[in-house]
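# Per-entry structural report
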Amino acid sequence: MKRHVLVMLMMVLAVIATACASDDATTDDSSEGAAVETTDAPEDDVATEEEPAEEEATEEEAATDATEDDAAAEPTEDAPVARADADLVIWADETRVQALEPFVEQFGVDNGITVALQELEFDEIRSQFSTAAPAGEGPDIIVGAHDWLGELVTNGLVAPIDLANAGEYAEVAIDAMTYDGQLYGVPYAIENIALVRNTDLVPDAPATFEELEQIALDLQSSGDVEIGLALQADAADPYHNYPLFTAFGASVFAVNDDGTYNPDELGLDTPEGLAAAEQFGAWVESGLINPSITYDVMVDSFASGNAAFAITGPWAVSQEDPPGFRAQGVNYAVSPIPSIQGGTPEPFVGVQGLMISSFSEQGLLAQTFVQDFIGTEEVQLALFEAGGRPPALLAAFDQVADDPDVQGFGESGQNGAPLPAIPEMGSVWTAWTDAYELIYDQQGTPTENFQAAADQIRNLIAEG
Amino acid sequence: MSGFVERVAGGASPLGVLLRISVLGLVVYQAVVFTGTLVGEQAWVGLAAMWAATVALVWLFTRRGHTPLKFIVPGTLFLLVFQIYPVLYTGYVSLTNFGTGNVLDKAGAIEQLQAQATRVPTDAVRYDVAVFADPDAGEDPGVEGIGLLLTDPDEQVFFGTAEELVPLEDLPDVTLEDDRVVAVGAYERLSLVEAQAVQTALGQLRVPAEAGAIQLQSLTTAARAETTRTYDEERDVLVDTGTGVEYTPLDGNFVSDDGDVLQPGWVAVTGPGNYTRAFTSPLIRGPFLRVFAWNYGFAIGSVFLTFALGLGLALALNEPRLRSRRLYRSLLVIPYALPSFLTALVWAGLLNTEFGAVNELIGANIPWLNDPVWAKVSILLVNLWLGFPYMFLVCTGALQAIPADMLEAASVDGANAWQKFARITLPNLMITVAPLLIASFAFNFNNFNTVYLVTRGGPPIQGAQTPAGHTDILVSYVYRIAFESGRGADYGFAAAIAVLIFVMVAGISAYSFRYTRSLEEIA
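Source: prediction; values computed, not measured.

### Let's talk about the overall build of chain B
- Regarding its fold elements, chain B presents 19 helices and 15 strands.
- A globule of 523 residues ought to have a C-alpha radius of gyration of about 24 Å, yet chain B, at 35 Å, is considerably larger.
- Once the C-alpha set of chain B is aligned to its principal axes, its extents read approximately 120 × 80 × 50 Å.
- A total of 523 residues make up chain B; the buried ones form 45% of that total.
- Counted over contacts in chain B with a minimum sequence separation of 6, partners at least 24 positions apart contribute 60%.
- Carbon and sulfur atoms make up 62% of the accessible area of chain B, which amounts to about 26,700 Å² in all.
- Separation of charge centres in chain B, based on 30 positive and 48 negative side chains, amounts to 26 Å.

See the structure below:
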């Protein structure tokens, strides 16, 4: 009897705690007295994180990646992050936290303040930020990708930034961080995918995609490799398939004269888009593109010499745990994806940067941090070391321009176009992924599947 | 006082008293802690409710007797907080436009609309800044008590306050220290750390300049900025000063006469629009019936399969002639003991067509997750694996409760094993188990985890009007629409669908419970 009373009382305690916290979705008490330099957010304990967080750098992965790791970050299961008790709070993913830590500490010492770096999974940053910021529990600064801007600006969650020395950054980086004529982030890195080949198996870069296909299929059928071409596109993701789509002259949305995307004109079911779909179906049939290759399989097979080619980004190259291409010591070279039937593949270019919460009570200090501090060569190079992505600051970029990986990815990116940040892009990913998946499963014709996806996307955009 | 202590003690053991006091103390402590938060948020209703509950609890548990109340009150609080409140809150959200573009309150949205329209013109001069404050103005000098030393790129130096901007050389009273300005009149230079302390005032400071005002862009830089939007509080309109267009509030957004909608908006109650949308939208109508049918198939199939297997195993292990029954029983509970979240993910990997262990093991090439039919089979199998130990435990327990003499009597009457099972064991079992089967059905009806983690609803339905998969159930389908396929999150719409699903499940449960009651009467 006594024990029952006790148990019930404890339950009541929980009830009251929850009752009070449920309004603002965050509990206060967990952060009390946590004036520490680095605090780990609770959900980092999810030990299943296998892909490097940067793999999730782009919106489509948030929407479509069916890998184990992504699902582990499934929102319904998460406890929200509480704001650490420091003057300036920064949210970044694991890689960026490690790179930024010494500099952030220095900034704190210089200015006599405490700075807390809180670690979250890359995509968690955006979703948690959207809930926490309006509740006053969010960070002052987030480290994120430019294609978040559509959503964040529409929600009024990020503050404009004035950058006096914008000319010192790569133009594409500043353009990407600009939304509706206003700059919202200080860029630190540019990323895109490219072709990586095993130089022991394929000493020279193929001149055309047709040649690549021949080499890959030959190596595959002779048994030298298990996988000819490892395309990082589990869950059939359109981000990694995009260069194979644009090579036919197609684009996800029509592009206006000023380089912005026009959401009223969808490019999926244009003749070019449908030609790309048909060719994609042919590659699946010929066995060049294998639908069962997940991100982990791609990294593993290429790093262990069981794949001749991979189409992926710098993250797979520089990944440490599990070891990526460089860490495994496989001989590789990076180059642009060769032309397909004479057309140039244009990958999506993504830009990473720091953004300031419009709810920050330390707005000016946060502005000082991102303007003066992140724009230094030292910090940009440290971030490059950590993530393998070319720096956005030109002076820093010049210092690493000799790096063959930077050259390879950079060359590929020069053909590319920025990943659209318009909110309509959110309507694209799921439907388009489904279309690719149906092609993978060889159900219906590729043309039918793309046409259906285009109809779905128009429906979704019309609904808002 | 001693009477109070006695009452609290209530004749219990010292340890019990100590525990009771400390737990009650914790309850009060929590209430005190949250008072600050709730006052800060001006959540007066929540505050009153919390203190009412706290006082009631302390009163109740420092009192002798009232045993039934002591059980009922905490349970009722539990019910209120975890069941009633979420349902009501979901109902409220379903009547709003809460979602991407509308997450702020109105004041916040107006502030952001103005901040977004505040721009530093491309030709604007950027100044390096040092912050000065008037020590007489105290710790919080306000806008009036601060000044800025502004250095432009040509090394020209100005001093700016809220009133005026003057070249430094025109000021009579400038104190230098090693060529560094340390004081201007009554104003003294602040270090960065000190400047931070007054940053609220700094953020509000506008130094008048030609065509606009100079404002801080960070603690060390400033520039002339112009805003193109002003809010007229009296008329509640937002005016674009560039074009003169006026925006009036409509359903949580400022909208111009031409229908131009400004983002961000704010959370506003918009009425039953989300519900009408649920019934009229092509998004829902599209593959809705297929999803709905499979939802039933999935829930019924899961309950039936897990129950059949669980019961079968329970019957087998209930057989006294079987050796090491304890060991088997322990082993069977393993799938139940592992977190389903992880096992579902592991199964998704095992079922990979090409690299999965299942296909390798049986030497087949079955498209477990990629074929519409196989995907459904896979989902049911995974759910069977996850669910049968529960049914096994339930049935084992229920079997023990069936009086052995009934079965003996049946044997004496010459009934065979099947007759005994069908006429005695199963009906008796159902009395205990039927409500649990209904609960299991309701649970599986909304079993988002299994579906989402194993197949993500895929493979896609070809040619559907909206993205939907063959194994999508209502919850996962709604999740897709509300969070993955639009322009971001749409909480209002998702809440409306959640309410509809709630009504559906509640209806099924209510009907089923009446049905079980009739079952009991027969028995």
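### What about the overall build of chain A?
- Within chain A, the secondary structure is distributed over 19 helices and 15 strands.
- A buried classification covers 62% of the 464 residues belonging to chain A.
- For chain A, the share of sequence-separated contacts (at least 6 apart) that also reach a separation of at least 24 residues comes to 76%.
- Total accessible area on chain A stands at roughly 15,400 Å², and carbon and sulfur atoms take up 47% of it.

### So, the UniProt feature "transmembrane region" (unreviewed entry) in chain B
Residues and elements named next belong to chain B.
- Here the UniProt feature "transmembrane region" (unreviewed entry) sits at residues 12-32, 44-62, 69-88, 293-318, 330-350, 377-403, 424-443 and 491-513.
- Annotation note: span residues 69-88, helix share 100%, strand share 0%, distance between end C-alpha atoms 25 Å.
- The span residues 377-403 carries 89% helix and 0% strand; its end-to-end C-alpha distance comes to 38 Å.

### Here's the deal with the nonpolar core
- Of all hydrophobic cores here, the largest spans 101 residues; its most connected members are L88(A), I141(A), F369(A), I374(A), L148(B) and L202(B).
- Setting aside chain neighbours within four positions, we find I374(A) in contact with L100(A), V186(A), Y188(A), L354(A), F369(A), V379(A) and Q380(A).

### Observations regarding the pattern of salt bridges
- Considering all chains together, one arrives at 15 salt bridges over all chains under this definition.
- One salt bridge connects D455(A) with R458(A), and the closest N-O pair in it is separated by 3.9 Å. Of this pair, D455(A) and R458(A) both sit in helix α19 (residues 446-463), three residues apart, roughly one helical turn.
- Overall, D455(A) belongs to the partly exposed group, its relative accessible area being 45%.
- With a shortest N-O distance of 2.8 Å, K106(B) and D236(B) are connected by a salt bridge. Taken as a pair, K106(B) in helix α5 (residues 106-116) and D236(B) in the loop between β12 (229-232) and β13 (237-240) lie far apart in primary sequence, 130 residues in all.
- When its relative accessible area of 22% is taken as the criterion, D236(B) is described as partly exposed.
- Through salt bridges with shared partners, a single ionic network connects D269(A), D455(A) and R458(A).

### Overview of the sheet that holds strand β13 (residues 332-335) of chain A
Residue and element names in this part refer to chain A.
- In spatial order, the strands read β9-β12-β8-β13; together these four strands make up an open sheet with mixed pairing. Each of the sheet's edge strands pairs with one partner strand only, and the pair in question is β9 (227-231) and β13. Pairwise comparison of adjacent strand axes, ignoring direction, gives a mean angle of 20° for this sheet.
- Examined bridge by bridge, strand β8 (residues 194-198) and β13 share four bridges and lie antiparallel to one another. Residue pairing for β13: L195 is matched across the bridge by S335.
- Along the sheet, helix α11 (residues 295-303) contacts β8, β9, β12 (307-312) and β13; its crossing angle with β12, the most-contacted strand, is approximately 140°.

### Examining the domain arrangement of chain B
- According to the domain assignment, chain B contains domain 1 (2-93), domain 2 (104-117 + 230-266), domain 3 (120-227) and domain 4 (279-522).
- Here domain 1 of chain B and domain 3 of chain B have C-alpha centroids that lie 53 Å from each other.

### Some words on the packing of aromatic side chains
- Here the structure, examined in full by the defined rule, presents 41 aromatic pairs over all chains.
- Measuring from ring centre to ring centre gives 5.6 Å for F159(B) and Y187(B), while their planes differ by 50°; the resulting arrangement is tilted. Of this pair, F159(B) sits in strand β4 (residues 157-160) while Y187(B) sits in strand β8 (residues 187-189), placing them 28 residues apart in sequence.
- By relative accessible area, Y187(B) is classed as buried at 17%.
- The rings of F209(A), Y239(A), Y242(A), F245(A), F280(A), W283(A), F348(A), W429(A), W432(A), Y436(A), Y440(A) and F450(A) are connected pair by pair, giving a single aromatic cluster.
- Between R277(B) and the ring centre of F493(B), over which it is positioned, the NZ or CZ distance is 3.9 Å.

### Side note on a nonpolar patch on the surface
Residues and elements named next belong to chain B.
- Together, L322, L327, Y328, L331, I334 and L338 make up an exposed nonpolar region whose accessible area comes to about 530 Å².
- Here the nonpolar patch takes three residues from helix α10 (residues 325-332), the largest share from any one element.
- For L338, the position within the fold is in the loop between α11 (334-337) and α12 (340-350).
- The class for L338 is partly exposed, based on a relative accessible area of 40%.

### A closer look at the side chain of Q217(B)
- Summarising the element assignment, Q217(B) is placed in the loop between β10 (212-216) and β11 (221-227).
- For Q217(B), a relative accessible area of 12% translates into the label buried.
- Every residue in contact with Q217(B), bar those within four places of it in the chain, is listed here: D162(A), L364(A), Q367(A), Q371(A), V120(B), A222(B), A223(B) and A225(B).

### Digging into the sheet that holds strand β15 (residues 253-256) of chain B
Residue and element names in this part refer to chain B.
- In spatial order, the strands read β12-β13-β14-β15; together these four strands make up an open sheet with antiparallel pairing. Pairing within the sheet leaves two strands with one partner each, and these edge strands are β12 and β15. On average, each strand axis in the sheet is tilted by 35° relative to the strand beside it, whichever way the strands run.
- Bridging between β12 and β13 involves four bridges; their strand directions are antiparallel. Looking across to β13, one finds that Y231 is bridged to L238.
- Where α5 meets the sheet, its contacts fall on β12, β13, β14 (246-250) and β15, and the angle it forms with β12 comes to roughly 150°.

### Some words on the environment of F288(B)
- Positionally, F288(B) belongs in helix α9 (residues 282-317).
- With 23 residues separating them along the chain, F288(B) and G265(B) place their C-alpha atoms 31 Å apart.

### Some details on a negative patch on the surface
- Taken together, the side chains of D372(A), D128(B), D154(B) and E155(B) define an acidic patch exposed on the protein surface.
- Along the chain, D372(A) turns up in helix α14 (residues 363-373).

### Points about the side chain of N198(A)
- By secondary structure assignment, the location of N198(A) is in strand β8.
- Side-chain polar atoms of N198(A) contact the backbone nitrogen of D200(A), separated by 2.9 Å.

### Description of the packing of α12(B) against helix α14 (residues 372-400) of chain B
Residue and element names in this part refer to chain B.
- Here α12 crosses α14 at 150°, and the two axes come no closer than 11 Å. Considering how the two elements wind past one another, α12 and α14 form a crossing that is right-handed. Where α12 abuts α14, its residues S340, T343 and W347 lie against V382, W385 and L386.
- Here the residues of the contact of α12 with α14 sort into four nonpolar, two polar and no charged.

### Remarks on unusual backbone geometry
- For the bond from Q263(B) to P264(B), the omega torsion is 0°, close enough to zero to count as cis.
- As for its position among the elements, P264(B) is in the loop between β15 and α8 (273-280).
- Located in the positive-phi region is Q442(A), a residue other than glycine, with phi close to 55°.
- You can call Q442(A) partly exposed: its relative accessible area is 49%.

### Some details on α19(A)
- For α19(A), built from 18 residues, the straight-helix expectation of 26 Å at 1.5 Å per residue is met to within 8% by its first-to-last C-alpha distance of 26 Å.
- Restricting attention to buried positions, one finds in α19(A) the residues P446(A), N449(A), F450(A), A452(A), A453(A), A454(A), Q456(A), I457(A) and L460(A).

### Describing the pairing of strand β2 (residues 126-133) of chain B
Residues and elements named next belong to chain B.
- Extensive coverage of β2 is indicated by the burial of six of its eight residues.
- Bridge count for β2 against β11 is three bridges, and the pairing is antiparallel. Residue D128 lies in a different strand from β11, and its bridge partner there is T221.
- With six bridges connecting them, β2 and strand β3 (residues 146-151) associate as antiparallel partners. Bridged to V129 within β3 is L150.
- Pairing of β2 with β8 involves two bridges; the strand directions are antiparallel. From the neighbouring strand, F132 faces β8, where its bridge partner is R189.

About the cut-offs
- Residues numbered from 1 in each chain as written.
- Chains lettered and ligands numbered in written order.
- Predicted model: local features only at pLDDT ≥ 70, side-chain atom pairs only at ≥ 80, totals over all residues.
- Heavy atoms only, no water.
- Helix = DSSP H or I, 4+ residues; strand = E, 2+ residues; numbered from the N terminus.
- Rg over C-alpha atoms; globule rule 2.2 N^0.38 Å.
- Buried < 20%, exposed > 50% of the residue type's maximum accessible area, 1.4 Å probe, protein only.
- Contact = heavy atoms within 4.5 Å.
- Areas by Shrake-Rupley, 256 points an atom, 1.4 Å probe, with all protein chains shown as cover.
- Lys, Arg positive; Asp, Glu negative; His and termini not counted.
- Charge placed at Lys NZ, Arg CZ, Asp CG, Glu CD.
- UniProt positions renumbered as here; feature names shortened; annotations may be inferred.
- Core = buried A, V, L, I, M, F, W, Y, C linked by side-chain atoms within 4.5 Å.
- Salt bridge = Lys/Arg side-chain N within 4 Å of Asp/Glu carboxyl O.
- Pairing = 2+ DSSP bridges.
- Axes fitted to C-alpha atoms, helices over the stretch in contact; angles between N-to-C directions.
- Domains from an automatic or database assignment.
- Phe/Tyr/Trp six-rings, centres within 6.5 Å; stacked < 30°, edge-to-face > 60°.
- Lys NZ or Arg CZ within 6 Å of the ring centre and 35° of its normal.
- Patch = residues over 30% accessible without salt bridge, like charges linked within 9 Å, V, L, I, M, F, W, Y side chains within 5 Å.
- Polar contact = N/O pair within 3.5 Å; in protein donor to acceptor, adjacent residues only side chain to side chain.
- Left-handed = near helix turned anticlockwise from the far one by under 90°.
- Nonpolar A, V, L, I, M, F, W, Y, C, P; charged D, E, K, R; others polar.
- Expected span 1.5 Å × (residues − 1).

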